[in-house]
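Here's the letter readout for the chains.
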Amino acid sequence: MLNALGQALIYVVPFLLVLTVIVTIHELGHFLVARAFKVKVDRFAIGFGKALFSRIDRHGIEWRVGWMPLGGYVKFSGDMDASSVPDSRGLDALKSEIIARDGVGAERDYFHFKPVWQRMLIVAAGPVSNFILAIFIFTLLFSAIGDRLRPAQVAEVATGSPAAAAGFQTGDLITEINGRVIGDAGEVTRKVTLSSGDALRFTVERNGDQIQLVATPVRRTETDPIAGRVTVGRIGLSLTSAPGTTRYIRYNPVEAVGRGVRETGDILGTTLTYLGRIFTGRESGDQLSGPIGIAKASGALTNAAVAANPDPGAMALNLLLTLTSFAAILSIGIGFLNLLPIPVLDGGHLVFYAYEAVAKKPVAANVQEAGYRVGLALLAGLMLFATWNDLQKSNVFQFLGGLVS
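For clarity, every value in this text was computed on a predicted model and none was experimentally measured.

Caption draft 1: Just the confidence of the model for the protein chain, in detail. Taken over all residues, the pLDDT of the protein chain has a mean of 82, while the share at 70 or more is 79%. Confidence drops under a pLDDT of 50 for residues 396-405, and excluding neighbours within four residues, the segment shows twelve contacts in the predicted structure.

Caption draft 2: Structural context of unusual backbone geometry. One non-glycine residue with positive phi stands out, namely N178, at about 50°. By secondary structure assignment, the location of N178 is in the loop between β5 (173-177) and β6 (180-181). With a phi close to 85°, V344 is a non-glycine residue in the positive phi region. By secondary structure assignment, the location of V344 is in the loop between α8 (312-338) and α9 (346-359).

Caption draft 3: Examining α9 more closely. Between the first and last C-alpha of α9 there are 20 Å, a value that for 14 residues agrees with the 20 Å anticipated at 1.5 Å per step. Buried within α9 we find D346, G347, G348, H349, L350, F352, Y353 and E356. Phi turns positive, to about 65°, at K360, one or two residues after α9.

Caption draft 4: Representation of the pairing of β5 within the structure. Here β5 pairs with strand β7 (residues 200-206) via four bridges, running antiparallel. Within the sheet, the bridge partner assigned to I174 lies in β7 and is V204. Here β5 pairs with β6 via two bridges, running antiparallel. Residue pairing for β6: I177 is matched across the bridge by R180. Once β5 ends, the chain turns through two residues before running back antiparallel as β6, passing N178 with a positive phi of about 50°.

Caption draft 5: A nonpolar patch on the surface, seen in detail. On the surface, a cluster of nonpolar side chains totalling about 690 Å² of accessible area is made up of F48, L52, F53, V65, W67, M68 and L70. At the level of secondary structure, the elements contributing two or more residues to the nonpolar patch comprise β1 (41-56) and β2 (62-76). For the nonpolar patch, the element with the most residues is β2, which contributes four residues. Positionally, L70 belongs in strand β2.

What counts, and where the lines are drawn
- Residues numbered from 1 in each chain as written.
- Predicted model: local features only at pLDDT ≥ 70, side-chain atom pairs only at ≥ 80, totals over all residues.
- Heavy atoms only, no water.
- pLDDT = per-residue confidence, 0-100.
- Contact = heavy atoms within 4.5 Å.
- Helix = DSSP H or I, 4+ residues; strand = E, 2+ residues; numbered from the N terminus.
- Expected span 1.5 Å × (residues − 1).
- Buried < 20%, exposed > 50% of the residue type's maximum accessible area, 1.4 Å probe, protein only.
- Pairing = 2+ DSSP bridges.
- Patch = residues over 30% accessible without salt bridge, like charges linked within 9 Å, V, L, I, M, F, W, Y side chains within 5 Å.
- Areas by Shrake-Rupley, 256 points an atom, 1.4 Å probe, with all protein chains shown as cover.
- Salt bridge = Lys/Arg side-chain N within 4 Å of Asp/Glu carboxyl O.

And the structure:
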């Protein structure tokens, strides 16, 4: 029982710490841009439910921390709820009430009466802040620690595998895939993983010659120590690096920013590729994860970081670096999720505002209301699907059994 509770803390605490930082940055993005446009704000909240901490500042803004740390929101004056849905009384009625109470022109301080381009910037600021946070973290890591680059050299070719059929040999150095230059063995793994069923054109260096090989990854289910059971593309290659060929590059601040932007872009590109393959039927979607899967991943990373070196100082440094890297990746995921064109998410708001900018009139109130209901249903369905994935591919049932035994 005590051991199970200890494991629960290892899984949950790092996840909640990282999530709280990411959510705070996301909401600060909305808040700071809104305040730059002089929008009246009622509340800045991290977490939901009963307030553990609440304070009202001199601008009348309530700063609140809820007991359930699984999100946050900025509530603008005139909002019906935390989703920035206009007050149910309607914008015309709200405008009349504001003018009657505060005078003509007072409505210009309210979010819903700001120019549409300002509203779009305020909404987009949240996800953009997540991407900026990721770039900032990667920049720090690449400048302080650097980048480890391993040549993609073939160590072993599995008998009967697609790689064997393509003609790969031990010692081959993979330099390009589909015309893209390969600088690290990890790039090969990432490309092959998300290309099951798609023929890949490899350029390899063999005895000083450049050779073209074509191999098609096949789907294979395996257990990953971090992600659990996953189905990925494989061609049957093991990669290694000859002694002395691994390079460590530390970037200056300007180079580190560029490298951080590229890393963020690569992660976004991988996400888009995976979602595109789901919609075209080439992936099952079993790698989509919800809070359980993310918490499990953070716990596994925490365990690995702690076990890497028994020295307390080294252990603390490993843990800090691991959770910092995890925060960057999770921040990108949350920023991307919020940009999906689903009403109630930032992306859904942007779709409505884009329509308003083109049509010169807002989306009809009943259409917005229906959209928010559909969006909530879609979001709930997505979360249920991701949670089911988490339960299916992890040992969560055994873990929960340990808690009650």
